[in-house]
Amino acid sequence: MFSDIIGIDNLKSIDLHGEVSDIANVLVKDFIYDCFKSKEKHCVVIHGKGANIIRNVVNDVLKYSEYVEDYKLYYYNDGCTIVKLKQENICS
């Protein structure tokens, strides 16, 4: 599913270093929605390695997002997550 991604440099990304969990939650939701609306296929959320607090917030947002098809940690850097976005229209 992610085999078409060679590098993440060309993908839209958001960096959450230094953010608190509540702010990170809102930022990720808005970022995912913006990427979906701009018809991106993939995007990257940089959460850092640390104590996994922000990574857990990111995982919770992605798990329940109606715009996310799948996500996984980036193979070469577990401080960021690659997100595959849904491509079909979602009815609210």
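The following refers to the structure shown. What you are looking at is a predicted structure, and each value in this text was computed from that prediction instead of being measured. Sequence positions are assigned chain by chain, starting from 1 and proceeding in written order. A pLDDT threshold of at least 70 governs which residues receive local features in this predicted model, and a stricter bar of 80 or more applies before side-chain atom pairs are shown or counted, although totals over entire chains, interfaces and linings include all residues. Just so you know, side-chain values use all the structure's heavy atoms and leave hydrogens and water out.

1. A few points about the environment of Leu85
Point 1. Put simply, DSSP marks the helices as runs of H or I at least four residues long and the strands as runs of E at least two long, and each gets a number from the N terminus on. Mapped onto the secondary structure, Leu85 falls in strand β4 (residues 77-85).
Point 2. Along the primary structure Leu85 and Cys43 are separated by 42 residues, whereas in three dimensions their C-alpha atoms are 7.8 Å apart.
Point 3. When checking whether two residues touch, look at their non-hydrogen atoms; a contact exists if any pair is within 4.5 Å. Sequence-distant contacts of Leu85, that is, excluding residues within four places in its chain, are made with Ile32, Cys35, Phe36, Glu40, Lys41, Cys43, Tyr67, Val68 and Glu69.

2. Quick look at helix α1 (residues 21-37)
Point 1. Look at α1: 24 Å from first C-alpha to last across 17 residues, which is about the 24 Å you get at 1.5 Å a residue.
Point 2. Looking at the buried side of α1, the elements it contacts are β1 (12-15), β2 (42-46), α2 (53-64), β3 (68-74) and β4. Here a helix's expected span is defined as the number of its residues, less one, multiplied by 1.5 Å.

3. Digging into the sheet that holds β3
Point 1. Any two strands with at least two DSSP-identified bridges between them are counted as paired. With respect to topology, four strands assemble into an open sheet ordered β1-β2-β4-β3, the strand pairing being mixed. Of all strands in the sheet, those with a lone pairing partner are β1 and β3, marking the two edges. Geometrically, the sheet is characterised by an average inter-axis angle of 20 degrees between neighbouring strands, direction not taken into account.
Point 2. Simply put, an axis is a line fit to the C-alpha atoms, just over the touching stretch for a helix, and the angle between two N-to-C directions goes from 0 to 180 degrees. Helix-sheet contacts for α1 involve β1, β2, β3 and β4, and the interaxial angle to β2 is about 165 degrees.
Point 3. Its contacts with the sheet place α2 against β2, β3 and β4, and it is angled at close to 155 degrees to β3.

4. Some details on the side chain of Thr81
Point 1. Its place among the elements puts Thr81 in strand β4.
Point 2. The exposure class of Thr81 is buried, given its relative accessible area of 1%.
Point 3. Within the structure, Thr81 has its side chain in polar contact with the side chain of His47 (distance 2.8 Å).
Point 4. Here Thr81 is in contact with Cys43, Val44, Val45, His47, Leu62, Tyr71, Lys72, Leu73 and Tyr74, once residues within four sequence places are set aside. Each residue is assigned to one of three classes by its accessible area relative to the maximum for its type, calculated with a 1.4 Å probe on protein chains only: buried under 20%, partly exposed between the two thresholds, exposed over 50%. Pairs of N or O atoms are called polar contacts if they sit within 3.5 Å, as long as, within protein, a hydrogen donor faces a hydrogen acceptor (for residues adjacent in sequence, only side-chain-to-side-chain pairs).

5. Points about the packing of aromatic side chains
Point 1. The criterion for an aromatic pair is that two Phe, Tyr or Trp rings (for Trp, the six-membered ring) have centres within 6.5 Å, with stacked assigned to planes under 30 degrees apart, edge-to-face to planes over 60 apart and tilted to the rest. This model, assessed by the stated rule, comprises four aromatic pairs.
Point 2. Relative to Tyr67, the ring of Tyr33 has its centre 5.5 Å away and its plane inclined at 65 degrees; by these criteria the two rings are edge-to-face. A residue pair is termed long-range when its members are at least 10 positions apart, and Tyr33 in helix α1 and Tyr67 in the loop between α2 and β3 qualify at 34 residues.
Point 3. Measuring from centroid to centroid gives 5.0 Å for Tyr75 and Tyr76, while their planes differ by 85 degrees, and the two rings are edge-to-face.
Point 4. Assessed through its relative accessible area of 71%, Tyr75 is described here as exposed.
Point 5. What makes Tyr76 exposed here is its relative accessible area of 65%.

6. A word on the pairing of β1
Point 1. Pairing of β1 with β2, which is carried by four bridges, proceeds in the parallel orientation. By the bridge assignment, Ile14 is partnered in β2 with Val45.
Point 2. Look down the strands so they point away from you; if going from the first strand over the helix to the second traces a clockwise path, that crossover is right-handed. Between β1 and its parallel partner β2, the chain crosses via α1, and the hand of that crossover is right-handed.

Don't take any of this as a statement about function, it's just geometry.
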